[in-house]
Structures are given as C-alpha cells and as structure tokens.
Amino acid sequence: AKTERYEIKIEELREATAEDKHRVAAESLFREAEELQQGTVEEKRKSVEKYYEALELYRRVGDRSKEAAMLNKIGWAYKVLGEIWKALETYNEALQINREVGDRRGEATVLSGIGGTYWRRGDMQKALEKYNEALQISRAVGDRYREARVLSNIGFVYWALGEMRKALDEFN
C-alpha cells in the first residue's frame, strides 16, 4: 500500500462552544458505555444509562446521525440483556432517523440488529425478512463487510430452522 502524507492546519483558534462541549461529553459517555458493555450484566445495564446520557447530548446539538447511532447501541444492549421489546422499540426509532437523514449504511446496520432481535425472540421468519432488507441495502451501497455479516446471519437462521442446504448456500 502506498504511504501518503497529510497535513493538519488550524485555520481558526477559538474558545469551545457549548455545542463543542456537549459533543466531547457525549463521546466520553459513549466510550464509557462501550467499556461497560464488556462487563457483567449490571455493568451492561449501566452502559444503557450512559448511552442514554450521550443520546441526550447529541439531541441537544441536533446531530441526528449520532442520535441514530446511540439508539442502535441502546437497542443492541437491550437485546443482549434479553429485553426484546425495548430493543425492538429502540431499534425502530434508530431506523426511522436513519431513513430521515438518508443514512443507508446505518439503516442496514439497524435492520440487521432488528433481525438478530427477532432471531433471539424465536421469530425466524421476521428475522429473515429484516436480514434480507439489510442485505439489499448493503449490496446497494457497496458495503461488502455488512453484506458478509448479514449473509452469515441468514445462514445461521436457516441452520436453526434445519434447512441445511439453504444455510450452506448462504454461507458460501
């Protein structure tokens, strides 16, 4: 790979605005929540609180993309904690925002999370529906990483349904 050089140039030195301070605080809360996600069930519950605190700060500054990202993280945390209805509710809020701001990659990520939540709930047909929506979008935006993850998830759903031929087709 070719090595490139970059230059950073400060064009304006100014005091941090309230918005700047909210963003820095939100990022700090996000990092803290991410660390808590690696811990015990109680720490995972605390991570949800931290994600919500970060979410509120992103809402204050009007950053809809970060708002959707925090809601996606909260949905994932609820799914891990087994709080399926809260997960679906939160994921659907994130999905709506991603659609409003036109973030197709974010939309595919959330749809995949919704698919996983339905899978965890035992609703394999709904899981396949959401995974297939995520797959279409991933392909449309050229997100090969997400496409591979979704295909793998579809394969696991077919495996869970005992449809080994379909599972193998998805894995390949």
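Residues numbered from 1 in each chain as written. Predicted model: local features only at pLDDT ≥ 70, side-chain atom pairs only at ≥ 80, totals over all residues. Heavy atoms only, no water.

A. Structural context of the overall build of the chain. Counting secondary structure elements, the chain contains eight helices and zero strands. For the chain, the spread of C-alpha atoms along the principal axes amounts to about 60 × 45 × 30 Å. Counting over 172 residues, the chain shows a buried share of 40%. A total accessible area of about 10,700 Å² is found for the chain, and carbon and sulfur atoms account for 48% of it. Here the chain contributes 31 positively and 32 negatively charged side chains, and the mean placements of these two sets differ by 3 Å. (Helix = DSSP H or I, 4+ residues; strand = E, 2+ residues; numbered from the N terminus. Buried < 20%, exposed > 50% of the residue type's maximum accessible area, 1.4 Å probe, protein only. Areas by Shrake-Rupley, 256 points an atom, 1.4 Å probe, with all protein chains shown as cover. Lys, Arg positive; Asp, Glu negative; His and termini not counted. Charge placed at Lys NZ, Arg CZ, Asp CG, Glu CD.)

B. Representation of a nonpolar patch on the surface within the structure. Side chains of F156, W159, M164 and F171 sit close together on the surface and give an oily, nonpolar patch of about 420 Å² of accessible area. Mapped by element, the contributors of at least two residues to the nonpolar patch are α7 (144-160) and α8 (164-171). As for its placement among the helices and strands, W159 is situated in helix α7. (Patch = residues over 30% accessible without salt bridge, like charges linked within 9 Å, V, L, I, M, F, W, Y side chains within 5 Å. Salt bridge = Lys/Arg side-chain N within 4 Å of Asp/Glu carboxyl O.)

C. View of helix α5 (residues 104-121). Here α5 contains 18 residues, and its C-alpha end-to-end distance of 26 Å stays within 8% of the 26 Å for a straight helix at 1.5 Å per residue. Looking at the buried side of α5, the elements it contacts are α3 (64-80), α4 (84-101), α6 (124-141) and α7. Just downstream of α5 lies G122, where phi reads positive at about 95 degrees. (Expected span 1.5 Å × (residues − 1). Contact = heavy atoms within 4.5 Å.)

D. Structural context of α7. Taking 1.5 Å per residue, 17 residues should reach 24 Å; α7 reaches 24 Å between its end C-alpha atoms and fits that length. Of all the residues in α7, the buried ones are R146, E147, V150, L151, N153, I154, G155, V157 and Y158. For α7, the elements touching its buried residues are α5, α6 and α8. Just downstream of α7 lies G162, where phi reads positive at about 80 degrees.

E. Seen up close, the packing of aromatic side chains. Applying the stated criterion to the full structure yields two aromatic pairs. Aromatic side chains F30 and Y51 sit 6.2 Å apart centroid to centroid with 50 degrees between the ring planes, which places their arrangement in the tilted category. One end of the pair, F30, is in helix α1 (residues 18-36); the other, Y51, is in helix α2 (residues 41-61), with 21 residues separating them in the sequence. Each member of the pair, F30 as well as Y51, carries the same accessibility label: buried. Both rings, one in W119 and one in F156, keep their centres 6.3 Å apart while their planes meet at 20 degrees; by these two values the pair is stacked. Residue W119 is found in helix α5, and its partner F156 is found in helix α7; the two are separated by 37 residues along the sequence. With relative accessibility at 37%, the residue F156 sits in the partly exposed group. (Phe/Tyr/Trp six-rings, centres within 6.5 Å; stacked < 30°, edge-to-face > 60°.)

F. Up close: the nonpolar core. Counting residues in hydrophobic clusters, the biggest one holds 43 residues, and the most contacted among them are Y51, M70, I114 and I154. Contributions of two or more residues to this core are made by α1, α2, α3, α4, α5, α6 and α7. Beyond its immediate chain neighbours, meaning those up to four positions away, M70 contacts F30, Y51, A54, L55 and Y58. (Core = buried A, V, L, I, M, F, W, Y, C linked by side-chain atoms within 4.5 Å.)

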